[in-house]
Amino acid sequence: MRTPQAGTGPTPAALPGDGDDHVAIPVPPQAGRASSGVRTRSQHQRRKRIVQAAAALASRGGVEAMQMRTVAERAGVALGTLYRYFPSKMDLVVAVVSEEIDLLESSIERRPPRAETAAGRAVDVLMRATRGLMREPELADALIRSLIMAQVEVPFGDRMAGLLLRVSRDGLSVETASEEQFALAGSLSGVWVNELLEMLRGRRTYEQIQRRIEIAAARLLADFDS
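Residues numbered from 1 in each chain as written. Predicted model: local features only at pLDDT ≥ 70, side-chain atom pairs only at ≥ 80, totals over all residues. Heavy atoms only, no water.

Draft legend 1. Representation of the overall build of the protein within the structure. Helices and strands together make up the secondary structure of the protein, namely nine helices and two strands. From first element to last, N terminus to C terminus, the protein shows the α and β order β-β-α-α-α-α-α-α-α-α-α. Buried residues in the protein amount to 40% of all 226 residues. In the protein, the proportion of contacts linking residues at least 24 apart, taken out of those at least 6 apart, comes to 66%. (Helix = DSSP H or I, 4+ residues; strand = E, 2+ residues; numbered from the N terminus. Buried < 20%, exposed > 50% of the residue type's maximum accessible area, 1.4 Å probe, protein only. Contact = heavy atoms within 4.5 Å.)

Here it is in C-alpha cells:
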C-alpha cells in the first residue's frame, strides 16, 4: 500500500477488489489518507475472515481440511488474495494459533487467576487453555501437530511463556524476566504441549494432565514467589 509523500501532490487511489490490477484516480491528499484508513480496516477484516475460515475448517477435518482454495472460498476471497496474506498453509496455521492465544490472553485479562502461588496461577492458565482447545479437539490436534512440524517461525512457545511469566508475578514479562525465569516458564509451556498431545492421542485424561501440570509447575516455578 502506498503512503502519500509530503509535497508530491495528489495520490492515486486503488479501486477495491481482490485482483492486483486497479485504475488510478487522482484524489486530494486528505481523501487519500481517508481512503488509506478504509483500506487498512478492510484488509484487517479480510484477514480476520480468512483466519476464522481456516479455523472452522480445521475444527472439522484437521489441518488436511485447510486447503488453501477451500479456505479462500469459505472466506469469500480470491485465491490470489489469500496467498498475499498467507504465502503457505503453515503461515495460515501460525495465524490461527496466534488467534487462539489472543483469545486466551483476553480471557486472562477479564478473569485473572487468583491462586496464591505462581505455580497455582500458571496451572490455572494452562488448564483454562486446555479446556478451550478441547472444545474443538480436531482443531487442537491440527494446531499442535502442525506446530511440532513447523518450518516457519512460530511465536507460540514464547507467547505462552510470556503469559505464564505475567501471571506468576506482577511486573514480570519476557523483557524483564531473567534468562533462567524465561527458560523455566518455557519449559512449563513445553510440558503442557506434550501432555496435551498425549490427551489428544487418548493416553491421558483431563485429570491426569492437570496433576502432571501441577507437579511440573510446583518444581519449575518454586522460586517465583520468593
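Draft legend 2. Looking closely at the layout of surface pockets. If you add up the space inside the second largest pocket, you get close to 350 Å³. Contributions of two or more residues to the lining of the second largest pocket are made by α4 (89–110), α5 (118–134), α6 (137–148) and α7 (156–168). No other element matches α4, which puts six residues into the lining of the second largest pocket. (1 Å grid on protein atoms, 1.4 Å probe; cavity = no way out; pocket = protein on both sides within 12 Å on 5 of 7 lines; lining within 4 Å. Points joined across faces, edges and corners; volume = space filled by probe spheres on them.)

Draft legend 3. View of the side chain of arginine 121. Here arginine 121 is to be found in helix α5. Separated by 2.6 Å, the side chain of arginine 121 and the backbone oxygen of valine 167 make a polar contact. Within the structure, the side chain of arginine 121 is placed 2.6 Å from the backbone oxygen of serine 168, a separation counted as a polar contact. With near-sequence residues (within four places) excluded, arginine 121 lies in contact with Pro113, Ala115, Glu116, Val167, Ser168, Arg169 and Asp225. (Polar contact = N/O pair within 3.5 Å; in protein donor to acceptor, adjacent residues only side chain to side chain.)

Draft legend 4. Structural view of the packing of α5 against helix α8 (residues 179–200). Between α5 and α8, the least distance of the axes is 11 Å, while the angle of their chain directions is 35°. For the crossing formed where α5 meets α8, the hand is right-handed. Where α5 approaches α8, its residues Ala122, Leu126, Ala129, Thr130, Leu133 and Met134 are matched on the opposing element by Leu188, Trp192, Leu196, Met199 and Leu200. Tallied by class, the residues present in the contact of α5 with α8 amount to 10 nonpolar, one polar and no charged. (Axes fitted to C-alpha atoms, helices over the stretch in contact; angles between N-to-C directions. Left-handed = near helix turned anticlockwise from the far one by under 90°. Nonpolar A, V, L, I, M, F, W, Y, C, P; charged D, E, K, R; others polar.)

Draft legend 5. Region of the structure containing the nonpolar core. Within the largest apolar cluster, 61 residues are counted, with the highest numbers of intra-cluster contacts made by Ile50, Val71, Leu82, Leu92, Leu188 and Trp192. Of all the elements in the fold, those that place two or more residues in this core are α1 (29–61), α2 (68–75), α4, α5, α6, α7, α8 and α9 (206–220). Setting aside anything within four residues of it in sequence, one finds isoleucine 50 in contact with Val71, Ala75, Val77, Leu82, Tyr85, Phe86 and Leu92. (Core = buried A, V, L, I, M, F, W, Y, C linked by side-chain atoms within 4.5 Å.)

Draft legend 6. α8, seen in detail. Spanning 22 residues, α8 covers 32 Å between terminal C-alpha atoms, matching the ideal 32 Å at 1.5 Å per step. If you check which residues of α8 are buried, you get Gln181, Ala185, Leu188, Ser189, Trp192, Val193, Glu195, Leu196, Leu197, Glu198 and Met199. Two residues or fewer after α8 comes glycine 202, characterised by a positive phi angle close to 85°. (Expected span 1.5 Å × (residues − 1).)

Draft legend 7. Quick look at the packing of aromatic side chains. Taken as a whole and judged by the stated rule, the model has one aromatic pair. The interplanar angle of 35° and the centroid separation of 6.5 Å between the aromatic rings of tyrosine 85 and phenylalanine 86 together place this pair among those described as tilted. Judged by relative accessible area, which is 24%, tyrosine 85 ranks as partly exposed. Residue phenylalanine 86 is classed as buried on the basis of its relative accessible area of 3%. (Phe/Tyr/Trp six-rings, centres within 6.5 Å; stacked < 30°, edge-to-face > 60°.)

By themselves, these figures tell us nothing about what the structure is for.
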